[in-house]
Every structure is written in structure tokens, then in C-alpha cells.
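Structural overview
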Amino acid sequence: MRRSVLAAASALAIAGASLAQAGPQAEVLHWWTSGGEAKSVAVLQQEFSANGGTWTDMPVAGGGGDAAMTALRARVLSGNAPTAVQLKGPAIQEWYEEGVLANISAVAEAEGWDKVLPASIAAHMKCEGQWCAAPVNVHRVDWLWANAEILKANGIEMPTSWDEFNAAADKLQAAGVIPLAHGGQAWQDATVFEVVALGILGADGFQQAFVDLDPAMLASDKMVAVFDQMRKMRGYVDSNFPGRDWNLATSMVMNGEAAFQIMGDWAKGEFLAAGKVPGQDFLCASAPGAGFLYNVDSFAMFDVAGDDKQDGQALLAKLIVGQNFQKVFNLNKGSIPARVDVPMEEFDSCAHLSAADMTSSSKDGTLLPSYAHGMAMRGAQSGAITDVVTAHFNSDMSSKDAVAMLVDAVANSL
Ligand code: GAL
């Protein structure tokens, strides 16, 4: 009897001790579920565990994060916000304004983030002067990916203008190859659209249309030309495109079913995860046009109670901007580090091109936020634009009608 009471008491003591020593906790909401993405987020999970943290994974599948953002809203509305959330661009400030974000300035100041992050990236991470998010990377959106063997077999060089792209696509189509791998999901339509828009409007025009939301640029003949090119793109995709996930489109390029894909460099994460070699199996080039569309992934911490959770947030924020994490994560993810002092020797030629182009674009004023990936404007405006882009892509709407609809949609969303 006595022995069993003692045993029960010591079992309780052990349970109590393990509760008290639970250590840093984090429930992390993210949408990194494809092969390359999962490999990348695992790097963070491992570092977190290696530093005594307990990670509760909350992946919400769906490229571009629309489904993840719906899940986030439901969690916050029910008063049960996750501790850390993949969140980026002006959405960070929108959540801050709702009063639900934690202040991570103590970590940022202790770690000297202002000294290692470019000012343009740091600005996205601050809310009224305080740090409210931690950046993991810089993805470039305006890329053209290609299957090296298909281009070679068809005597095609990487196109440097949209006319060259169209000529290459026509030639491939005549040879029975699908010119463009694409998934018919609104965010993928928007991705192709903004890359075409950068090429045709130029960096100044892109800034006027998708950062300043200038009605004159939105209504311009150049914008009509952007929709004309989108109509051509629609003719270059296969008939099974509706609903296809972006990584399956990347696989089509890998397997030689299709020649090109227009997608951010998370596509490179897929090529690499499948053991493909840049310059050999697949080619990367900036899409026709001058400029650089950036998409910075980041994590925001939500206001939650409990020392274990708050310790988890501080640990996570510290690790995310840490030098080693920024290197290993980005080697897998296809992006480049957000920190400026990460050694780049182990990165491939596509990453080096991205880093060089980002520096030169930043100097000549052509470094621009991606609208399709939530970096340029608030959700109401980007949603209104994407609705028009998708409606046009999936119908026989004329370019002029699309432009008229675009102007109205933006005006009504303001
Ligand atoms: C982007 C995100 C990337 C990538 C992609 C596809 O919005 O910034 O990290 O994962 O979606 O899911």
C-alpha cells in the first residue's frame, strides 16, 4: 500500500517536473508542403528541436498560401491563434492593426537585425517601428524555367523577349511539345500575369500599375498588350491545366512533358529536391524584361499567453534570422538569404544570378514587390486584380474588356 502511494507520488512528481520543464513551444502554421518546401521547413523544425524546442506542425496545403490564410483567420476568430505563422508583405501590418501580433523587438535588437538585413526587407518586418515579423529569404518571382534537353533538341535558346518566347512556343507546339507548364489556380494565373506585366510595362509601368494603383497606367494601351500576351499564354498550356498544383507543373518540365514554366524560384527547390542540376537538366533565366520582383517569406508571432509559448516565439525568431539557418534553408528552398552576410559559395548559378540582379535592381530602382505574392498591396486590392486576371484567362474576354474590368475592380476595392 505504502509502496504504491510512494510510486504514485513519484510518478506525479516526474510528470510535474516534465511539465515545468516543457521548454519552448511553437505551433507553426505554414503552407510548405511540396517536396522542396517540406525539405526546407524541416531545417527549421530540426534547429528548433536541437535547441530544446517542441514544434507542433500545422501545415495547410495549397501553393501561394490562400488556404493557409483562411485557416489562420478561423483560428484567430476563435481566439486560438497559432504561435507562429508564415505571413508576409502588407498582410503583416493588416494583422498588426487587428491587435493580434506579438512584439519581437527584444530578439531583433539583441540579434542586431537592423545591421544584417537590407532596409527594404526590414521595413516589411516592422509595424509602427516595432519588429513584428522575421524574414527567412528572398524569392524572385520573374523567372523562366526550362527543360534543357527539349530546348536543345528543338534548337531553341532561352528567350529574351516576349516575341522570342512566342516564336519558341509556336515552334515547340508544332513539334508536339507542351510549351508552357501551368496550373490553373488563381494565384498561378496572377504569377504569370505579373511576370508578363513587368516585361511589357517595364519597371516604371509596373510600379505605377501595381504599387501606386495609378488608374491611367491600369487603363493604358500597354495594359491591353499585357492581356494580349496572356491570351497567347493561354494557348500555350495543355488542356489539363485547370486546378493543377504548381509543383506538378514543375514536374512536367522535369519529365520533359513541357518546355517552360513561369514561376518563382521555389520551383528550383522542386528541381533540386528531385536531384536535377541547374545548367544541365534545367535552365533558369530572368523572364523577358528588366527588373526584379521580390517575394520575401517571413514568420509573424501571434499574441499568445504562456512562458513556454513566448519562449518558443523568441527562439524561433532568433533561429530564423540566424546565419546558419538562412544558408541551409535557402539552399533547399530555391531562394537567397534575406541576411546580407551569408556566405554564398555553396549556392548554385541561379541563386548567384538572383543575388546579382537584386543588387543591380536595387541600385537602378527596378527592385519591385510582387503583387501576386502579397508584397505590393493589401489583400482587398490584390484579390480584386487577381479576379480579373483569372476571369480573362479562363474565358474569351477581350483584352480591352479585361482592362476596363481591371480599372473598375481596383477603384471599387479602394
Ligand atoms: C509563395 C511562397 C513561397 C512558395 C510558394 C508556393 O507565396 O512565398 O515560399 O512556397 O508560395 O507555395
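**Some points on the environment of Gly289**
Turning to its location among the elements, Gly289 is positioned in the loop between strand E11 (282-286) and strand E12 (292-295). Overall, Gly289 belongs to the partly exposed group, its relative accessible area being 37%.

**Overview of the packing of helix H2 (residues 35-50) against helix H14 (residues 266-273)**
For the pair H2 and H14, the least separation of the axes is 7 Å and the interaxial angle reads 90°. Considered as vectors, H2 and H14 are oriented roughly perpendicular to each other. Across the interface between the two elements, Gly35, Gly36, Glu37 and Lys39 of H2 pack against Gly269, Glu270 and Ala273 of H14. Taken together, the residues of the contact of H2 with H14 sort by class into 1 nonpolar, 3 polar and 3 charged.

**Here's the deal with the site of the ligand**
Around the ligand, 13 residues are found, and the nearest of them are Glu37, Lys88, Asn295, Asp297 and Lys333. One of the side-chain N or O atoms of Trp32 is found 3.1 Å from an oxygen atom in the ligand. Within the side chain of Glu37, one N or O atom sits 2.3 Å away from an oxygen atom of the ligand. Considering the ligand on its own, with 300 Å² of exposed area, one finds that the protein chains cover 100% of that surface. Two domains each provide a minimum of three residues to the shell around the ligand, namely domain 1 (24-139 + 295-353) and domain 2 (141-294 + 373-413).

**As for the pairing of strand E10 (residues 258-262)**
Taking burial as the measure, the 5 residues of E10 include 5 buried ones, the bulk of the element. As paired strands, strand E8 (residues 143-147) and E10 are joined by 3 bridges and run antiparallel to one another. Bridging from a neighbouring strand, Leu144 pairs with Ile262 of E10. Strand direction decides the pairing type here: strand E9 (residues 178-180) and E10, joined by 2 bridges, are parallel.

**Regarding the packing of aromatic side chains**
Counted under the stated rule, the structure contains 18 aromatic pairs. Pairing Trp32 with Phe299 gives two aromatic rings, centres 5.7 Å apart and planes at 75°, and the pair type is edge-to-face. In this pair, Trp32 is assigned in the loop between strand E1 (25-30) and H2 and Phe299 in strand E13 (residues 298-301), connecting sequence segments 267 residues apart. Neither residue differs from the other here; Trp32 and Phe299 are each classed as buried. Where Trp145 meets Phe282, the ring centres are 6.2 Å apart and the plane angle is 45°; that geometry is what we call tilted. Of this pair, Trp145 sits in strand E8 while Phe282 sits in strand E11, placing them 137 residues apart in sequence. Residue classification places Trp145 among the buried residues on the basis of a relative accessible area of 0%. Relative accessible area serves as the criterion here: at 0%, Phe282 is assigned to the buried category.

**So, the sheet that holds E11**
Taking strand neighbours across the sheet as the criterion, the 4 strands line up as E9-E10-E8-E11 in an open arrangement whose pairing is mixed. In the strand order of this sheet, the two ends are held by E9 and E11, each with one partner. Adjacent strand axes in the sheet meet at a mean angle of 15° when their direction is disregarded.

Conventions adopted
Residues numbered from 1 in each chain as written. Predicted model: local features only at pLDDT ≥ 70, side-chain atom pairs only at ≥ 80, totals over all residues. Heavy atoms only, no water. Helix = DSSP H or I, 4+ residues; strand = E, 2+ residues; numbered from the N terminus. Buried < 20%, exposed > 50% of the residue type's maximum accessible area, 1.4 Å probe, protein only. Axes fitted to C-alpha atoms, helices over the stretch in contact; angles between N-to-C directions. Parallel < 35°, antiparallel > 145°, perpendicular 65-115°, else oblique. Contact = heavy atoms within 4.5 Å. Nonpolar A, V, L, I, M, F, W, Y, C, P; charged D, E, K, R; others polar. Near = heavy atom within 4 Å. Polar contact = N/O pair within 3.5 Å; in protein donor to acceptor, adjacent residues only side chain to side chain. Areas by Shrake-Rupley, 256 points an atom, 1.4 Å probe, with all protein chains shown as cover. Domains from an automatic or database assignment. Pairing = 2+ DSSP bridges. Phe/Tyr/Trp six-rings, centres within 6.5 Å; stacked < 30°, edge-to-face > 60°.

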